[in-house]
Amino acid sequence: ETAEGQCDVTTLVQRYRFGSLQPDTMVYGIIGWPITHRLSPVVHNEGFRAADIDAVLLPLPVLQGWESFKATMSVLLADPEFNLRGLCVTVPHKEHALRFVREAGGEVSDIAERVGAANTIIIGPDGALTADNTDAPAIIETLGCDPSGSRIALLGAGGAARAAIASLVEAGARVDVFNRGAERATALVEAMDNPMCTLGDLDEVSGYDVVLNTTSVGMEGGPDPDGNAAEELGLPDWVVEEAGVVYECVYAPRQTPLVQAALAAGTTVVTGEAMFLAQAVRQFRMWTGCEPSSDRWRQLID
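Below or above, wherever it landed, is the structure these notes cover. Note that the structure is predicted; figures quoted are calculated from it, not measured.

1. Here we look at a negative patch on the surface
- Taken together, the side chains of E231, D237, E241 and E242 define an acidic patch exposed on the protein surface.
- Among the elements that take part in the negative patch, helix α10 (residues 237–242) stands out by supplying 3 residues, more than any other.
- Looking at the secondary structure, you find E242 in helix α10.

Below is the structure:
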């Protein structure tokens, strides 16, 4: 037995290969808060095992804020024996990740630059850093409809929202941003600097082809696990009912209150694991050069 909050022995041995880790084992991690229910350790560690790669991906919980992220990264990178080679970055640190790599003199991919946020960091054998964003192409791949000419109600104004907007407007969609904090939403729209991205107006809501939630509302372990993101941002029920697709980025639980409402209304739903798998496959390729089995990964999380 282990103490409360510690990893159980079976998970240590089977998921994290505790008995076979070596001093030169390559270490990857997922940084965010909270990360209790993240799927990255499940799929990436299976990918390393299947490809016979001596690597392990660990959960690395880091509290909110730039200083927390900066301090953690500095400590991890300063230890040459830790052999850190890459990171998944999730809420609330995607913008911090881009800033850290840029200030460290690393390389930033074109898509991460356009988005203004990174969910992937690659660390070369020489310590060189690269920031990338696999969320953006994953959203287009899994959207469930042709984005060209579509009208999107986007909920949220964080790193995932930035990725969605950058990819959607490039694909020809019109995006209206709704967020609880008007100041943050305004800053996001201004940063995107594209006439196809505007602030949503609750007094002039019309039919949307897609309602896309990038907030953490409804996430298990998050600050509002019982909330419906659309309701909390003031969108009327008929917006979800009449949408062609409701796209939920949260994957734990799979049926968030927003998803439940959409299903009850008969609306087509894309649940969070679709985006997660699509972006995780891209991360694995970047880190290893290998192609993981997405079918096997899907079985693991079903």
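2. So, the nonpolar core
- Of all hydrophobic cores here, the largest spans 27 residues; its most connected members are I165, L168, V175, V177, L212 and Y247.
- Per-element tally for this core: the top contributor is helix α7 (residues 159–170), with 5 residues.
- In this view, V177 contacts L154, G156, I165, A185, L188, V189, C197, T198, L199 and G200; residues no more than four positions away in its chain are not counted.
- Core analysis: the second largest hydrophobic core is formed by 22 residues, W66, M73, L76 and I121 among them.

3. Some words on the packing of helix α6 (residues 135–142) against helix α12 (residues 272–288)
- Remark: α6 packs on α12, axes separated minimally by 8 Å, with the N-to-C direction vectors making an angle of 130 degrees. As the angle between them shows, α6 and α12 are arranged oblique. Viewed along their axes, α6 and α12 form a crossing whose handedness is right-handed. The segment α6 lies against α12, with D135, P137, A138, I139, E141 and T142 engaging A274, M275, A278, Q279 and R282.
- Per-class residue counts for the contact of α6 with α12 are 6 nonpolar, 2 polar and 3 charged.

4. So, the sheet that holds strand β7 (residues 151–155)
- The 6 strands are arranged β9-β8-β7-β10-β11-β12 in an open sheet whose pairing can be described as parallel. Each of the sheet's edge strands pairs with one partner strand only, and the pair in question is β9 (197–199) and β12 (268–270). Within this sheet the neighbouring strands show an average axis-to-axis angle of 20 degrees, counted without direction.
- One ladder, built from 3 bridges, connects strand β8 (residues 174–178) with β9; its direction is parallel. Pairing of D176 across the sheet is with T198, part of β9.

5. Things to note about the pairing of strand β6 (residues 129–132)
- Here β6 shows two buried faces, one formed by L129 and A131 and the other by T130 and D132.
- Bridging between strand β4 (residues 107–108) and β6 involves 2 bridges; their strand directions are parallel. Looking across to β6, one finds that V108 is bridged to A131.
- Strand direction decides the pairing type here: strand β5 (residues 120–123) and β6, joined by 4 bridges, are antiparallel. From the neighbouring strand, I121 faces β6, where its bridge partner is A131.
- Hairpin connection of β5 to β6: 5 residues between the antiparallel strands, including G127 at a positive phi of 90 degrees.

6. Considerations on the packing of aromatic side chains
- For the structure on display, the rule yields 7 aromatic pairs.
- Ring centres 5.5 Å apart and planes at 35 degrees place the aromatic pair F48 and F284 in the tilted group. With a gap of 236 residues between them, F48 in helix α2 (residues 40–50) and F284 in helix α12 connect regions that are remote in the sequence. Comparing F48 with F284, the two get one shared label, buried.
- Here the aromatic residues Y28, F48, F284, W287 and W297 are joined through ring pairs into a cluster of three or more.
- Stacked on the ring of W66, the Lys or Arg R99 has its end atom at 3.9 Å from the ring centre.

So, how was this worked out
Residues numbered from 1 in each chain as written. Predicted model: local features only at pLDDT ≥ 70, side-chain atom pairs only at ≥ 80, totals over all residues. Heavy atoms only, no water. Patch = residues over 30% accessible without salt bridge, like charges linked within 9 Å, V, L, I, M, F, W, Y side chains within 5 Å. Areas by Shrake-Rupley, 256 points an atom, 1.4 Å probe, with all protein chains shown as cover. Salt bridge = Lys/Arg side-chain N within 4 Å of Asp/Glu carboxyl O. Lys, Arg positive; Asp, Glu negative; His and termini not counted. Charge placed at Lys NZ, Arg CZ, Asp CG, Glu CD. Helix = DSSP H or I, 4+ residues; strand = E, 2+ residues; numbered from the N terminus. Core = buried A, V, L, I, M, F, W, Y, C linked by side-chain atoms within 4.5 Å. Buried < 20%, exposed > 50% of the residue type's maximum accessible area, 1.4 Å probe, protein only. Contact = heavy atoms within 4.5 Å. Axes fitted to C-alpha atoms, helices over the stretch in contact; angles between N-to-C directions. Parallel < 35°, antiparallel > 145°, perpendicular 65-115°, else oblique. Left-handed = near helix turned anticlockwise from the far one by under 90°. Nonpolar A, V, L, I, M, F, W, Y, C, P; charged D, E, K, R; others polar. Pairing = 2+ DSSP bridges. Phe/Tyr/Trp six-rings, centres within 6.5 Å; stacked < 30°, edge-to-face > 60°. Lys NZ or Arg CZ within 6 Å of the ring centre and 35° of its normal.

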